[in-house]
Amino acid sequence: QVQLVESGGGLVQAGGSLRLTCSASGDIFRNENVGWFLQAPGKPHGVVAIISADETTWYKDSVKGRFTISRDDAKNMVYLQMDALTLEDTGTYFCKPISVEFRNYWGQGTQVTVSS
């Protein structure tokens, strides 16, 4: 029933930009804090950015000033604008509510590959 679909990834050169989109089934994002997670090659999953229900945001130090997370509750969507991409941003990006109630729900992710 719960469905999360990430899109917008691709192959870009260092310094380039991408805009990721996370689409959710129904209104599952309502009143939920939503995060973008990165599974980078050889590394465990880690949170990159979080946006709360009231649109307060948090970013991993390495992406501050480069990434912007936003949400559109009317569309049940969360976005991640990524600018000035670096090789370390490479990996598969997932978006999901961060509450424990959603811990077993993951989308397919969207692949971001940054090349030099």
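Everything here concerns the structure above.
To start, this report covers the structure provided alongside it. (Residues numbered from 1 in each chain as written. Predicted model: local features only at pLDDT ≥ 70, side-chain atom pairs only at ≥ 80, totals over all residues. Heavy atoms only, no water.)

**Focus on the overall build of the protein**
Which entries qualify depends on this criterion: Strands are runs of DSSP state E lasting at least 2 residues, helices are runs of H or I lasting at least 4, and numbering of each runs from the N terminus. Each radius of gyration reported is based on C-alpha atoms, and the globular scaling rule is 2.2 Å times the count of residues to the power 0.38.
Of regular secondary structure, the protein possesses zero helices and ten strands. If you list the helices and strands of the protein from N to C, you get β-β-β-β-β-β-β-β-β-β. In terms of overall dimensions, the protein is globule-like: its C-alpha atoms have a radius of gyration of 13 Å, near the 13 Å expected for 116 residues. Overall, the C-alpha framework of the protein stretches about 40 × 25 × 20 Å when taken along its three principal axes.

**Observations concerning the state of the cysteines**
The condition that has to hold: Here, two cysteine sulfur atoms that lie within 2.5 Å of each other are counted as a disulfide.
Going through the model one piece at a time under the given rule, you end up with zero disulfides. Not part of a disulfide, cysteine 95 finds its nearest cysteine sulfur in cysteine 22, a span of 3.1 Å.

**Topic: the sheet that holds strand β8 (residues 77-82)**
To keep it simple, the criterion reads: Two strands form a pair only when DSSP identifies at least two bridges running between them. All axes here are fitted lines through C-alpha atoms, helices being fitted over the stretch that makes contact, and every angle between N-to-C directions spans 0 to 180 degrees.
Strand order in the open sheet formed by four strands is β1-β3-β8-β7, with antiparallel pairing between adjacent strands. The sheet terminates laterally at β1 (4-7) and β7 (67-72), the two strands that pair on one side only. Neighbour-to-neighbour, the strand axes of this sheet turn through a mean angle of 15 degrees, independent of strand direction. Pairing between strand β3 (residues 18-24) and β8: six bridges, direction antiparallel. Counterpart to threonine 21 in the pairing with β8 is tyrosine 79.

**What about the environment of valine 47?**
Worth spelling out the cut-off: Residue contacts are defined here by distance: any two heavy atoms, one from each residue, within 4.5 Å place the two residues in contact.
Mapped onto the secondary structure, valine 47 falls in strand β5 (residues 46-51). When residues no more than four places from it in sequence are discounted, the contact partners of valine 47 are Trp36, Phe37, Trp58 and Lys60.

**Comments concerning the side chain of arginine 66**
Convention followed: Working definition: with a 1.4 Å probe on protein chains only, accessible area under 20% of the residue-type maximum means buried, over 50% means exposed, and in between means partly exposed. What qualifies as a polar contact is a pair of N or O atoms within 3.5 Å, subject to a donor-acceptor requirement within protein and to the restriction that residues adjacent in sequence count only when both atoms come from side chains.
Positionally, arginine 66 belongs in the loop between β6 (57-59) and β7. Residue class for arginine 66 comes out buried when judged on its relative accessible area of 14%. Reaching out from arginine 66, the side chain makes a polar contact with the backbone oxygen of serine 62 at a distance of 2.9 Å.

**Things to note about the side chain of threonine 92**
Position of threonine 92 relative to the elements: it lies in strand β9 (residues 91-97). Side chain to side chain, threonine 92 and glutamine 111 meet in a polar contact 2.9 Å long. Those residues in contact with threonine 92 that lie beyond four places of it in its chain are Phe37, Leu38, Gln39, Gln108, Gly109, Thr110 and Gln111.

**Points about the sheet that holds strand β4 (residues 34-39)**
Here we have six strands laid out as an open sheet, ordered β2-β10-β9-β4-β5-β6, and mixed in their pairing. Edge positions in the sheet fall to β2 (10-13) and β6, since each of these pairs with one other strand and no more. When strand polarity is set aside, the average angle formed by the axes of neighbouring strands in this sheet is 25 degrees. Bridge count for β4 against β5 is five bridges, and the pairing is antiparallel. Directly across from tryptophan 36, in β5, lies its bridge partner alanine 49.

Scope: geometric values only; no functional claims are made or implied.
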